[in-house]
Number of protein chains: 2
Amino acid sequence: MATQPVAAGRPATIHDIAALCGVAASTVSRALANPDRVNIRTRERIQAAAVELNYTPNSQAKALSSGRTGAVGVLVPDITNPFYFDLIRGTQLQLKAAGYTQLLVDTEESDEVEASTLEQLRKSADGVIVAASRLNDEALAAAAARMPMVTVNRDVDGVPAVIIDTPSAMPQALDHLISLGHTSVAYVSGPAVSQSSARRWAALSAAAESRGVDVRIIGPFAPKTQSGAAAADAAVHSGVTACIVFNDLIAIGMLQRLRERGLRVPEDMSIVGCDDIFGADFCNPPLTTMSSPIEQAGRVAVSMLLAQLNPLAGGGNRSRSVMPTHLTVRGSTGPASPN
Amino acid sequence: MATQPVAAGRPATIHDIAALCGVAASTVSRALANPDRVNIRTRERIQAAAVELNYTPNSQAKALSSGRTGAVGVLVPDITNPFYFDLIRGTQLQLKAAGYTQLLVDTEESDEVEASTLEQLRKSADGVIVAASRLNDEALAAAAARMPMVTVNRDVDGVPAVIIDTPSAMPQALDHLISLGHTSVAYVSGPAVSQSSARRWAALSAAAESRGVDVRIIGPFAPKTQSGAAAADAAVHSGVTACIVFNDLIAIGMLQRLRERGLRVPEDMSIVGCDDIFGADFCNPPLTTMSSPIEQAGRVAVSMLLAQLNPLAGGGNRSRSVMPTHLTVRGSTGPASPN
DNA sequence: CAGATTTTGGCAATCGGTTGTCAAGCCGGT
DNA sequence: ACCGGCTTGACAACCGATTGCCAAAATCTG
């Protein structure tokens, strides 16, 4: 009757196809999943019927019987942090390309939410990508032992990871400040549980020592623009002329606060951010920051996870991938004030 | 042996509990889902066993037999557009609170991707929230007939919607510009298929007519900062002294382009954005824009969808919810230049 | 205390697939 | 023409829950 491909009331099942072709449901299943196990004529009949009925396999049922869900969980501490937008977009694109569904969860910066989400995902996802985990190494390693996992910006023995190598750009940032005449610098630190923050501080203080520059640490601060106010006040109070900040969100908040207080950037204080997030190029002044290919990091994380899921598909699965980082100089850094 | 709650190799099933308690699996199912149908002593035994085995129901299996998946799809045209961050966070929070899982999909501004995603989601989600749909009314209504749906910023007969009422702030924005002496204004339009853009233009041109002001439309432009360059050039060429822009992304892009061309904002050109996204408050100059409670819109959309899913839980389900909007004046608007 | 009524809990079918097993059918080799 | 080997496709069990139905047990009624 209808020329269009049957907009039936209920989605077609494998049984509808079987009935239409006069074969058993299992034959249909095989014809679709494992074509060479079925006679080519039968197979073509079945495939034609599948198209005609507009058949799409029911993913729930498939998951139940096969054990694979075709979904991957992506855990981020805070969806509204722009840093994760690009990461999420990277994972989303790569997962879709591979035919997987992305389950995005905001763990609200909480290790408990993170842990319970991981437990839940264990049944409803084939694997997880965990960005900036708030769990301790032990818990994370235990979770990774239970299901395929790739971490982002988190190094734990035995857990494949994508590391955005901001620490390597720290000496570069410091040299940039030194070349501008700064000799007293503060590191504005992120959350205490953030391994990224710790690594950045370690790299920075090592570089400072080898160069004989005074670098102190202040914080910790939550990774939000609102924290920037307290950070700016603390930086001013500490008497430094330049700050290297855990991330761009805090840095942008500092910019705003310094302006409120009538201090000029970079004349009175130079600021270097981290991540080069959305907004870093158009804030006032534009932020000097450490840039990295975040979206690409998301894609790499997915590739590494998929390599774990289908070990056959070759390409020895690396367990650690480091993304390069470089300093992008904009307007928030300048010569140290003479006083 | 282990004092901890059994970190067994395989997640516990309803059958494990049944075996442990010496009852049938169905009794366990009832005890957990429908407690008063089971003897209190048996029930407590079962519940204790469930806790001890660290039981979590398998959502796939539950979905298969009950028909409900416990998941809700959220479709946005572009994950990296900051406008959607707050929306996504709103839906995420509300869905989690109601025990649902969020399936986030980026439809890449494509009606085809959107349509195929909806078809796919029909089996794997209980309902969908569609933000800024690129589908035509007919296709959208058809999809809504097949599964529970709530749209955001899209009005289609018979489909419940959350509308962020930016059009109502248009007269306010225009009056603001008029009060600053502007008499020649351009509307920088968004995607041709965006109903939001059309509604904003309609409201603006109506207000302009009643006030006797010249307002022309330029565009369409893609909702990205990159489009701002072309938009700024077109605006300058058209000779207007002020622009009301489809959204903040384009507006911020215009700000950058105007600066590049050596034009001052607001002295040479006033800019009014739309949405008050992340970044609108710290760009240079800070953007005058139409603000609205986006995260709340996400929460409302979820509530409306859940009302459709559980019609019992009272609260006559409204089919349309309008979110208020107001003008936020910042630094990107100022007096019209005298020439 | 018998009979009627209500609880209570087990059996089995079902959801939509996947997969192991096995009989039938086909082929060529001798 | 007979036999072994390989292909093909049907049957049925199974994944982990939900749910209708019914029998046994417990409670109430007169």
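Note that the coordinates shown come from a computational prediction; the quantities given were computed from them, not determined experimentally.

J.: Looking at this model, I keep getting lost on the interface of chain A and chain B. Mind explaining?
T.: When the parts of a complex come together, some accessible area is lost, and that lost area is often taken as the interface size. The interface is formed by 49 residues belonging to chain A together with 49 residues belonging to chain B. A buried area of about 4100 Å², summed over both sides, lies between chain A and chain B, and 57% of it is on carbon and sulfur atoms. Counting across the chain A and chain B interface gives 6 salt bridges. A salt bridge links Asp78 of chain B to Arg89 of chain A; the shortest N-O distance between them is 3.0 Å. Remark: the boundary between chain A and chain B carries 11 residue pairs in polar contact (both at pLDDT 80 or more). Put simply, the parts of the chain that give the side of chain A that touches chain B at least two residues each are α4 (59–66), α5 (82–97), β2 (101–106), α6 (111–124) and α11 (248–260) of chain A. With 8 residues, α5 of chain A is the largest single contributor of residues to the side of chain A that touches chain B.

J.: Help me understand the protein's contact with DNA strand D, please; the structure alone is not making it clear to me.
T.: The immediate surroundings of DNA strand D are formed by 25 residues, with Thr27 and Asn39 of chain A together with Ile14, Ser29 and Arg30 of chain B found nearest. In DNA strand D, the atoms that sit within 4 Å of the protein are 56% sugar and phosphate, with bases accounting for the remainder. Between DNA strand D and the protein, one listed contact pairs a base nitrogen with a side-chain N or O atom of Ser26 of chain A at 3.1 Å. The separation between a phosphate oxygen of DNA strand D and a polar side-chain atom of Thr42 of chain A is 2.8 Å. Secondary structure elements with two or more residues in the surface near DNA strand D: α2 (25–33) and α4 of chain A together with α2 (25–33) and α4 (59–66) of chain B. By residue number, the principal contributor to the surface near DNA strand D is α4 of chain B, which donates 4 residues. By residue class, the composition of the surface near DNA strand D is 9 nonpolar, 10 polar and 6 charged.

J.: Which parts of the structure should I look at to understand the protein's contact with DNA strand C?
T.: DNA strand C sits among 25 residues. The nearest are Ser29 and Arg30 of chain A together with Thr27, Asn39 and Thr42 of chain B. In this structure, Ala61 of chain A approaches DNA strand C through a main-chain N or O atom, which is 3.4 Å from a base nitrogen. Within the side chain of Thr42 of chain B, an N or O atom sits 2.7 Å from a phosphate oxygen of DNA strand C. Looking at the surface near DNA strand C, the elements with two or more residues in it are α2 and α4 of chain A together with α2 and α4 of chain B. Here the surface near DNA strand C takes 4 residues from α4 of chain A, the largest share from any one element. Across the surface near DNA strand C, the residue classes break down as 9 nonpolar, 10 polar and 6 charged.

J.: Sorry, what's going on with the environment of Ser116 of chain A here?
T.: Residue and element names in this part refer to chain A. Among the structural elements, Ser116 can be located in helix α6. Linking Ser116 and Pro11, residues 105 residues apart in sequence, is a C-alpha distance of 34 Å. Engagement of the side chain of Ser116 in a polar contact is seen with the backbone oxygen of Val113, the distance being 3.2 Å.

J.: In this structure, what is going on with the sheet that holds strand β8 (residues 242–245) of chain B? I would like to understand it.
T.: Strand pairing within a sheet occurs via backbone hydrogen bonds; the two strands may be parallel or antiparallel. Residues and elements named next belong to chain B. Read from one edge to the other, the open sheet built from 6 strands follows the order β7-β6-β8-β9-β10-β12, with strand pairing classed as mixed. Pairing within the sheet leaves two strands with one partner each, and these edge strands are β7 (214–218) and β12 (326–328). Ignoring strand direction, the axes of neighbouring strands in this sheet form an average angle of 25 degrees. Here helix α10 (residues 227–238) sits on the sheet in contact with β6 (184–188), β7 and β8, set at roughly 145 degrees to β7.

J.: Sorry, what's going on with unusual backbone geometry here?
T.: Note: most peptide bonds trans; most residues except glycine with negative phi. Residue and element names in this part refer to chain B. Cis geometry is adopted by the peptide bond preceding Pro220, which originates at Gly219 and carries an omega value of 5 degrees. Examined against the element boundaries, Pro220 turns out to sit in the loop between β7 and α10. Each neighbour pair has its own omega, and for Val265 with Pro266 the value is 10 degrees, a cis peptide bond. Assignment of secondary structure puts Pro266 in the loop between α11 (248–260) and β9 (270–275).

J.: I keep staring at the packing of aromatic side chains and nothing clicks. Help me out?
T.: If you walk through the whole model with that rule in mind, you get 8 aromatic pairs over all chains. When the centroid spacing of 5.1 Å and the interplanar angle of 80 degrees are considered together, the rings of Phe83 of chain B and Tyr84 of chain B count as edge-to-face. Given a relative accessible area of 7%, Tyr84 of chain B falls into the buried group. A centroid spacing of 5.4 Å and a plane angle of 80 degrees characterise the contact between Phe278 of chain B and Phe282 of chain B, whose relative ring orientation is edge-to-face. Phe282 of chain B gets classed as buried once you look at its relative accessible area, which sits at 6%. Grouping aromatic residues by their ring pairs yields a cluster made of Phe278 and Phe282 of chain A together with Phe278 and Phe282 of chain B.

So, how was this worked out
- Residues numbered from 1 in each chain as written.
- Chains lettered and ligands numbered in written order.
- Predicted model: local features only at pLDDT ≥ 70, side-chain atom pairs only at ≥ 80, totals over all residues.
- Heavy atoms only, no water.
- Contact = heavy atoms within 4.5 Å.
- Buried area = accessible area lost by both parts, 1.4 Å probe.
- Salt bridge = Lys/Arg side-chain N within 4 Å of Asp/Glu carboxyl O.
- Polar contact = N/O pair within 3.5 Å; in protein donor to acceptor, adjacent residues only side chain to side chain.
- Helix = DSSP H or I, 4+ residues; strand = E, 2+ residues; numbered from the N terminus.
- Near = heavy atom within 4 Å.
- Nonpolar A, V, L, I, M, F, W, Y, C, P; charged D, E, K, R; others polar.
- Pairing = 2+ DSSP bridges.
- Axes fitted to C-alpha atoms, helices over the stretch in contact; angles between N-to-C directions.
- Phe/Tyr/Trp six-rings, centres within 6.5 Å; stacked < 30°, edge-to-face > 60°.
- Buried < 20%, exposed > 50% of the residue type's maximum accessible area, 1.4 Å probe, protein only.

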